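# Structure at a glance
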Amino acid sequence: MRVLGIESSCDETGLAVYDTERGLLAHALHTQIALHAEYGGVVPELASRDHIRRLVPLLRQVMGASGCSLAELDAVAYTQGPGLAGALLVGCAFAEGLAASLGKPILPVHHLEGHLLSPLLAQEPPEFPFVALLVSGGHTQLMAVAGVGKYELLGETLDDAAGEAFDKTAKLLGLGYPGGPALSKLADVGQPGVFDLPRPMLHSGDFNFSFAGLKTAVLTLVRDKSEDRPDFPADVARAFQDALVEVLVKKSIAALKHTGMQRLVVAGGVGANRQLRQALNEAARKRRYRVYYPELEFCTDNGAMIAFAGAMRLMAGAQPRPAGVFAVRPRWPLNELMGA
Ligand code: KG4
Ligand code: ZN
């Protein structure tokens, strides 16, 4: 079976064709980073308009690269939520219209399920069950994953998401958008231990997170800055990253222990963070757990994970529905998918 996947929930337009026998046939992506950079963050209306501009050329590109025709598709999968309402609506209207014109059925996909399953696109995919650490710009969650559609939420952030904390802290340090990669690069040249920032909820005994206080601690440091050293921002970035990484690693290991599972799967944009990967690998190796990551290009938003999640749903027996329902779900808790 061949599934076309369409992602447009935020600032990336992604399309891909996944074949359940041959794997990923092609994927194409346009990122809007340059478009939003001068505003220091995503401008929803600009995002929607850009998705409109990009979808048709990207569809042509991905179909050409896949070597199959639109008529040879079995279903169209698209991100129905969560995300920016306008951006989602563009992808929805495009996918529903395309599928209706082709007489193909639709598979609405939950964006986080796409991230969650994205490590299965790697060369050496993990087997079920596993604990998933989902760390994106909008979400930070630990989940026990028994199979496709079988997700148990173990804990999540009570305020800012990990990526959001990276982005906001980067802004405080005067770095551009998106802040995560820039902050991470700066932290690489910072001295560890110069500043001691809080590790929020490290000992809370549950699997929840809170990162807003960490960002506020950075704000205080930056405001009270008495030193004018050139390496001050790098040392602050390092302290921030050390604190955040320590919390993510400790809670992930605790979740593995709690569930008795052996595999940890890391997904979402922050999963691209080098220091997080290093620390997770180190902690897991000591305890004989195994950690899996998506390919770097599939850490952040992309169409491949949506085509793949749709295909996995089909393989698991999900019934695609007829095209023509123009509805998105900007807020859509993942636990509503359980058993769906
Ligand atoms: O998964 P994603 O593309 O978007 C959402 O679904 O939210 O993740 C984007 C987030 C942004 O907050 C970005 O700053 C962060 O992932 N990010 C990183 C890195 N690369 C992307 N954060 C830390 N280190 C990185 N290398
Ligand atoms: Zn995402």
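In short, a report on the structure. (Residues numbered from 1 in each chain as written. Chains lettered and ligands numbered in written order. Predicted model: local features only at pLDDT ≥ 70, side-chain atom pairs only at ≥ 80, totals over all residues. Heavy atoms only, no water.)

Attention now goes to helix H10 (residues 304-315). Given a rise of 1.5 Å per residue, 12 residues ought to cover 16 Å, and the 16 Å separating the end C-alpha atoms of H10 matches this to within 8%. All of the buried residues along H10 are Ala 304, Met 305, Ile 306, Ala 307, Phe 308, Ala 309, Gly 310, Ala 311, Met 312, Arg 313 and Leu 314. A positive phi of about 100° marks Gly 317, the residue just after H10. (Helix = DSSP H or I, 4+ residues; strand = E, 2+ residues; numbered from the N terminus. Expected span 1.5 Å × (residues − 1). Buried < 20%, exposed > 50% of the residue type's maximum accessible area, 1.4 Å probe, protein only.)

Looking down a regular strand, the side chains alternate between one sheet face and the other. Of all six residues in strand E1 (residues 2-7), six are buried; the element is thus mostly enclosed. Burial along E1 is two-sided: Arg 2, Leu 4 and Ile 6 facing one way and Val 3, Gly 5 and Glu 7 facing the other are all buried. Note: E1 against strand E2 (residues 12-19), six bridges, orientation antiparallel. Looking across to E2, one finds that Gly 5 is bridged to Ala 16. Where E1 folds back onto E2 in an antiparallel hairpin, the turn is made up of four residues. Pairing geometry for E1 and strand E4 (residues 75-81), over four bridges, is parallel. Bridge pairing in E4 places Gly 5 opposite Ala 77. (Pairing = 2+ DSSP bridges.)

For any pair of aromatic rings, the description rests on two quantities: the centre-to-centre distance and the angle between the ring planes. Tallied over the entire structure, the rule returns five aromatic pairs. Their ring planes at 85° and their centres at 5.2 Å tell us that Phe 166 and Phe 240 sit as a pair that is edge-to-face. Residue Phe 166 is found in helix H5 (residues 162-172), and its partner Phe 240 is found in helix H8 (residues 232-259); the two are separated by 74 residues along the sequence. Here Phe 166 falls in the buried class, since its relative accessible area comes to 3%. Their ring planes at 80° and their centres at 5.6 Å tell us that Phe 195 and Phe 232 sit as a pair that is edge-to-face. A residue pair is termed long-range when its members are at least 10 positions apart, and Phe 195 in the loop between helix H6 (179-188) and helix H7 (212-223) and Phe 232 in helix H8 qualify at 37 residues. (Phe/Tyr/Trp six-rings, centres within 6.5 Å; stacked < 30°, edge-to-face > 60°.)

Attention now goes to the nonpolar core. Counting 47 residues, the largest nonpolar core has Leu 133, Phe 211, Phe 240 and Leu 244 as its most contacted members. Among the elements of the structure, strand E6 (130-135), strand E7 (140-147), H5, H6, H7, H8, strand E9 (263-267) and helix H9 (274-286) are those that each provide at least two residues to this core. Considering every element that reaches this core, the biggest residue donor is H8, with 14 residues. Here Phe 240 is in contact with Ala 165, Phe 166, Thr 169, Leu 183, Leu 197, Leu 214 and Val 218, once residues within four sequence places are set aside. Listed in part, the 34 residues of the second largest apolar core include Tyr 151, Val 265, Phe 298 and Leu 314. (Core = buried A, V, L, I, M, F, W, Y, C linked by side-chain atoms within 4.5 Å. Contact = heavy atoms within 4.5 Å.)

A separate point is the packing of H5 against H6. The contact between H5 and H6 brings their axes to 8 Å, and the two run at 65°. Relative to H6, the element H5 is oriented roughly perpendicular. Between H5 and H6 lies a crossing whose hand is left-handed. On H6, the residues that touch Phe 166, Asp 167, Thr 169 and Ala 170 of H5 are Gly 179, Gly 180 and Leu 183. Looking at the contact of H5 with H6, its residues break down into three nonpolar, three polar and one charged. (Axes fitted to C-alpha atoms, helices over the stretch in contact; angles between N-to-C directions. Parallel < 35°, antiparallel > 145°, perpendicular 65-115°, else oblique. Left-handed = near helix turned anticlockwise from the far one by under 90°. Nonpolar A, V, L, I, M, F, W, Y, C, P; charged D, E, K, R; others polar.)

Our next topic: the sheet that holds E1. Taken together, the five strands give an open sheet; going across it, the order is E3-E2-E1-E4-E5, and neighbouring strands pair in mixed fashion. Edge strands, defined here as strands with exactly one partner in the open sheet, are strand E3 (23-31) and strand E5 (106-110). The mean angle between the axes of side-by-side strands here comes to 20°, regardless of whether they run parallel or antiparallel. Sheet topology places E4 next to E5; five bridges connect them, and they run parallel. Across the sheet, residue Tyr 78 finds its bridge partner in E5, namely Pro 108. Strand contacts of helix H3 (residues 85-102): E1, E2, E4 and E5, with the helix running at about 160° to E4, the strand carrying the most contacts.

A few words on the coordination of the zinc ion (ligand 2). Here the zinc ion (ligand 2) is held by His 111 (NE2), His 115 (NE2) and Asp 301 (OD), and the distances to it run 2.0 to 2.1 Å. Between the four donor atoms coordinating the zinc ion (ligand 2), the angles at the centre fall across 95 to 132°, so the site counts as tetrahedral. Every donor residue of the zinc ion (ligand 2) comes from the same chain, spaced as H-x3-H-x185-D. Note that His 115 is positioned in helix H4 (residues 111-117) and Asp 301 in the loop between strand E10 (290-292) and H10, a separation of 186 residues in sequence. Comparing His 115 with Asp 301 shows no difference in burial state: the two are buried. (Donors = N, O, S within 2.8 Å, 3.2 Å for Na, K, Ca; no water. Tetrahedral: all angles 85-135°; square planar, octahedral: opposite > 155°, others 65-115°.)

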